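# Structural description and commentary
Residue strings, one per chain:
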Amino acid sequence: MIRNAPKVIETSGVHFQAMYEHLGELLTVLLTLDEIINNHAVLKDHWTMYKRLLKSVHHNPSKFGVQEDKLKPFEKLLLKLESQLLDGMIFQACIEQQFDCLNGGVSVSKNSTFAEEFAHSIRTIFANIEAKLGEPSEIDQRDKYVGICGLFVLHFQIFRTVDKKFYKSLLDVCKKVPAITLTANIIWFADSFLCQKMPVAAKLLDKKTFQSIKLSRESFLQQKAQSLTKEMQSYYVFVSSWMMKMESILSKEQRMDKFSEDPTNRCNVFIQGFLYAYSLSNIIKTTMNLHMSMQKPMTKTSVKALCRMVELLKAIEHTFYRRSMIVADSITHIIQHLQHQALNAIAVAKKRVISDKKYSEQRLDVLSALVLAENTFIGPSTKQRRLIISLALSVGTQMKTFKDEELLPLQVVMKKLALISELRERVQAQCDCCFLYWHRTVFPIYLDDVYENAVDAARLHYMFNALRDCVPAMMHSRHLESHEILLESYDKEIMDVLNKHLLDKLCKEIEKDLRLSVHTHLKLDDRNPFKVGMKDLAHFFSLNPIRFFNRFIDIKAHVTHYLDKTFYNLTTVALHDWATYSEMRNLATQRYGLTMTEAHLPSQTLEQGLDVLEIMRNIHVFVSRYLYNLNNQIFIERISNNKHLNTINIRHIANSIRTHGTGIMNTTVNFTYQFLRKKFYIFSQFMYDEHIKSRLIKDIRFFREVKDQNDHKYPFERAEKFNRGIRKLGITPDGQSYLDQFRQLISQIGNAMGYVRMIRSGGLHCCSSAIRFVPDLEDIVNFEELVKEEALSEDTQKAARQLDSVLSDLTRNSAEGTEYFKMLVDVFAPEFRSLKNMHLRNFYIIVPPLALNFIEHSISCKEKLNKKNKAGAAFTDDGFAMGHILARKCALDLYMRSTYSVAYILKLLNQYQEFDSLHWFQSVREKYVREIRALAKQQNVQSASQDEKLLQTMNLTHRRLEVCLQEFELLHFSLSSARIFFRADKTSAEENQEKKDREEESGKTSNGDLSNSTSAEPVVK
C-alpha cells in the first residue's frame, strides 16, 4: 500500500479474505515439503554419506577422474542445495525474505494499515473455521488451519508483534485436533510448529500449556482405542443408509413438477457422502499416523475397526464411481440450480443499490462488483470464475447491500457450488488410501479377521482397491533404476501375506473339512456345530475375482487348483485311496460349489509294474522279497510298508520287453544263471555237511531196511524225527533252523526259475502282440522283391529288407520260443555229474522232512493273514516246488549221464523209481486220514459226556489235521505240475526212446549232415 497515491477503489470495509486463504495454501505447501524432508531419515543418511564421499574425492581427485578446479564450485552448489532444500528450512527461508525496499520504496514492516488488515483477515478466517474443526460438517477447515498458522508466523516475522490471545486460541485448537496429516504418513503438530518458529511468543505462555497439549494428545489415543469400534459401527450404519439413499435418488427419474426439489435433494446427498468420506479419512489417517509418530502400539481391535473404516471409505468412492454417469449429469443441473439461487440473491441486492438515488463512488463500485459477479455466474463454474465472484462479493457486500438473512444463504450457496463443482476430485482425494503403504503391517491382522468372519468376505474387494491406491505414487519413484522394481516388491509382499494369512489357511481348512466329512465313521473329532461352532467358508467362493496389479485373484479357482493338485498327488502315491478322493471331490462340489477335475488315474494297478531291467540287476533281492504262484504265473510281494502289495505278471514283463527289446531276455537268463551258480554252491555245501550227509545216509539205510514192513512207504515219523534232529544242531537269532534256511534257499532257486518261465511267457506275449497286425502268418509276402520289381530307390529297398527281417524274427519267435529251462538244466548237468559232487545223490531222501518243514511254514503264514499283525503273512510260495524239482532233477542226473550206456540209463530210471518208491505223499495221506478217523470216533464217544471244552479242543484238532492234509495235497499237485516243466516224470520206456533218438541225431551230425539238427546251444556258458 503506497501512501499519497491516487485511489483506484474505495477499500474501507473491504477485506479480500480469498487472497490470504490462497497465500496460506502456498505456505502450507512449503511447510509440507519441510516436514517430508525432516521425516525422511534415509534421505539424510544418504546425503551425509555423499558428502563424505566428496571429501574423499577432494583428497584424491585423480583417482575419481575429477578436475580439482571444478570441485569448489560443485561444493558451493551442494551447500546451497543443502541450505535451501535439505535442511528443512524452505518455509523459514520464505518468511525471512527482505520484504522492505531498501531504496526508499515501499516499507512493508512499518505499514500499520497492512498489518491491521493482515491480522484482521487471519482472525476472520480463523473465526470461520474454528467452530467447524472436528465437527461432522467439517470440509477443508484443517487445511486452512495449517495455512492460518503459517500466516500467523509470517505476520510475526514481518511486523514482530504477537497477539497473545489469538496465539493461545491457535494452541487451544490442538486439544480438539491433536494432529493434522499433511500428506500420506506425514503428520504435523501445530504446537511444535508455533513453538519452533516463534520462540519469543512461546515464552509468553507457561510450560503447562504445552504439556497439557501433549497430555491431551496421549489421552486422545487412549479414548480412540476405546471408542473406535463404536465409531466404526455408527459410520457403518450412516454410510449404508447413505448408499441406499444414493441408489434410491439416482434410480428414479426426475419429475417435472418437483424439478426444483430434486437437484436440492441430490446436492445434499452428494455433499453428505463427501462429508462422511472426509470424516472417515481424518479418523483413519490421524489415528494411524499418530500411533506411528508416538510409537504407540495399536490393539487388534483398533486395527480391525480402522480397516473396516477403510472399507467404508472405498465403498463411498465405489458408489460415486458406479453411478458416475448419472452423478455427472446431476451435477450439471445442481450447478445451474445453485447459480440460479445466487443470481436471484444478487439481483435483489442489485435492485436495492439502484433504487437508492444518492450517487457516490463507493456505491458505483459496489454496483460494478455486483454486475461483475452476476455476469461471472452466467457460465461454467470454474475455479477462476468462483475466485472472481468471491473477490467481487468482497466489494459488493459493502453498504448493507445484503441483509443478514440474505447474505448467509448466499455464502452457503457459494460453498455448495465450490464443493459440487469439484466433487469428483475432492471425493477421489479423500478416498485415496496411499497412506496404507506405510501401514502395511495391519494387512495380516485384517486378513485373519476376514478369515474368521467369512460372512463378510466380499469386503476384500474394498481393501485391495485401497492397496492399489499406493501404485500411482510409487510410479513416480526415482530412487531406483526403475519404478517396476518397487512395484514388483510391493506386489510380492502383498501376495505373500495373502497366501499365508488367507489362501493357504482356507485351502487347508477346506481339505480338512472334506477329510473329516468323508471319515465321519471314524469319529476323529467332535463336529457338533452347537459345541465347536460352524464357519461357513463357502462365502469366499461366491466372490468375483479380485483385481490386483496385472492379475485377477480368483479364490475359488485357487482352492480348486490346490485340491485338484493335492488329490491327484496323493492318489498317485496311494492308488487304493482313489475312491476316497473321488468322494471328497463330489463333496467339494456339493458343499462349496467347486468344479473339480477328474484325476483320470487307474483305480487299481499300473500296467507297467516293476521293470525287467531293474529285477535283473537286483535278482538276489527280488527272489527273497517276492513269492511265486505257479498256476497263475504271478509274483506277489512278501511284505510291504504300504497298504498294498506289488504284483508282477506276464503283462508287466511283456511291457518291459516291448520297452527294452527282445534282446533283454537272453541277458536276463544269463543273470539268472550267475545267480543260480552262487545258490547251487551253497546248496552243495549244505549237502556235503557231515551232519546232514550222515543223517541222509542213515535215513536211506533205514528206509531200505523197513520198506517191506511199511508197504514201501517212507514213515511220516521219520521225517518228523529228521526235522527235530536238525533243530538240535542250532538255530539262528530269529528262530530258524538249518532246514528252514535250506528251504528258503530252495524257494529262492525256484523263484529264479519261475522268473525265467515268466520271461519266456512275456516274450511270447510281446511277440504275439507285435505280430497281430500281420494278416496271415503262413503267407507273408516278401516286400524286398516287390520293391525291386517296382524299381524303387535304394533307401526304399533297404527299408523293405529291414521290414522283412523284422517280420521273420517276429514270426519265428511267436511260433517257437526258446526252451530256457532245458538250457539251464543242460548247462548245470555236467558239473552235477562230476565225481566230486556225488554227495548230491542223497538229495531225494531229504525231500520228506523238507516238505514237512515247508507245510508248517505255509500254514503259519496263512494263519497270519487273519491276524491284525500280518508280518510274515503269505498265501502262496510255489518257488519251493519249482526249486526242489530243479535241484532233484540235477541231483538224479548226477551220475546217470556219465556215459550213454544202457546200464547208467537204467540206473537213472531206478533212481526215479527209488524216489517214487518212497510213496511219501501216500504215506502222509494215510497218516492224516488215520488220525482224522480216530479223532472222529473219539468225538462220537465224547459227545455223550457233553464236555464242551474237550469237544472244542477236538474240533480244533480236527480242523488242523484237515488243513495239514489239504496243504500236503496242494504241495503234491504243485510238485507234479513242476515236474512237467523239467520232464522228470517220464517212464523208463520214454527215457530209452529219447536216448535212442539223441544217439541217432548225434550220428547224423558227425557225418556232416547238420541240416536236420534241432539241438540248441545254451545261452549261458
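For the structure, see preceding data.
The rules behind each value
Residues numbered from 1 in each chain as written. Predicted model: local features only at pLDDT ≥ 70, side-chain atom pairs only at ≥ 80, totals over all residues. Heavy atoms only, no water. Patch = residues over 30% accessible without salt bridge, like charges linked within 9 Å, V, L, I, M, F, W, Y side chains within 5 Å. Areas by Shrake-Rupley, 256 points an atom, 1.4 Å probe, with all protein chains shown as cover. Salt bridge = Lys/Arg side-chain N within 4 Å of Asp/Glu carboxyl O. Lys, Arg positive; Asp, Glu negative; His and termini not counted. Charge placed at Lys NZ, Arg CZ, Asp CG, Glu CD. Helix = DSSP H or I, 4+ residues; strand = E, 2+ residues; numbered from the N terminus. Buried < 20%, exposed > 50% of the residue type's maximum accessible area, 1.4 Å probe, protein only. Axes fitted to C-alpha atoms, helices over the stretch in contact; angles between N-to-C directions. Parallel < 35°, antiparallel > 145°, perpendicular 65-115°, else oblique. Contact = heavy atoms within 4.5 Å. Nonpolar A, V, L, I, M, F, W, Y, C, P; charged D, E, K, R; others polar. Pairing = 2+ DSSP bridges.

Taken together, Lys698, Arg701, Arg704, Lys721, Arg724, Lys728 and Arg841 make up a surface patch of like positive charges. Looking at the positive patch, the elements with two or more residues in it are α30 (690-706) and α31 (716-728). Among the secondary structure elements, Arg701 is positioned in helix α30. Among the residues examined, Arg701 registers a relative accessible area of 47% and is labelled partly exposed.

This part takes up the packing of helix α1 (residues 17-38) against helix α7 (residues 141-159). Close contact between α1 and α7 brings their axes to 8 Å; oriented N to C, the two are set at 90°. Compared by their axis directions, α1 and α7 come out roughly perpendicular. Contacts between α1 and α7 involve Tyr20, Glu21, Leu23, Gly24, Leu27, Thr28 and Leu31 from the former and Asp143, Lys144, Val146, Gly147, Gly150, Leu151 and Leu154 from the latter. Looking at side-chain class alone, the contact of α1 with α7 contains 7 nonpolar, 4 polar and 3 charged residues.

Tracing the backbone through its elements, the reader meets Leu419 in helix α17 (residues 404-421). Each C-alpha atom of the pair Leu419 and Ile139 lies 8.9 Å from the other, and the pair is 280 residues apart in sequence.

For the rest of this paragraph, the subject is the environment of Met954. Mapped onto the secondary structure, Met954 falls in helix α40 (residues 948-982). Put simply, Met954 and Gln939 are 15 residues apart on the chain and 7.0 Å apart in space, counted from C-alpha to C-alpha. Non-local contacts of Met954, meaning those with residues more than four positions away in its chain, are made with Leu935, Gln938, Gln939 and Gln942.

Further remarks concern the sheet that holds strand β7 (residues 647-648). Here we have 3 strands laid out as an open sheet, ordered β5-β6-β7, and antiparallel in their pairing. The open sheet has two free edges, formed respectively by β5 (626-629) and β7, since each of these has just one partner strand.

Side chains that differ in charge, positive against negative, can pair when their charged atoms come close. For the coordinates displayed, the defined rule picks out 35 salt bridges. For the salt bridge of Glu247 with Arg323, the shortest nitrogen-to-oxygen distance reads 2.9 Å. Of the two residues, Glu247 sits in helix α11 (residues 207-251) while Arg323 sits in the loop between α13 (300-322) and α14 (324-355), which places them 76 residues apart along the sequence. In this structure, Lys693 engages Glu690 in a salt bridge whose closest nitrogen and oxygen atoms are separated by 3.8 Å. Residue Lys693 and its partner Glu690 are both found in helix α30; the two are separated by 3 residues, about one turn of the helix. For Glu690, a relative accessible area of 53% corresponds to the exposed category. A single network of salt bridges, built from pairs that share partners, joins Glu247, Arg322 and Arg323.

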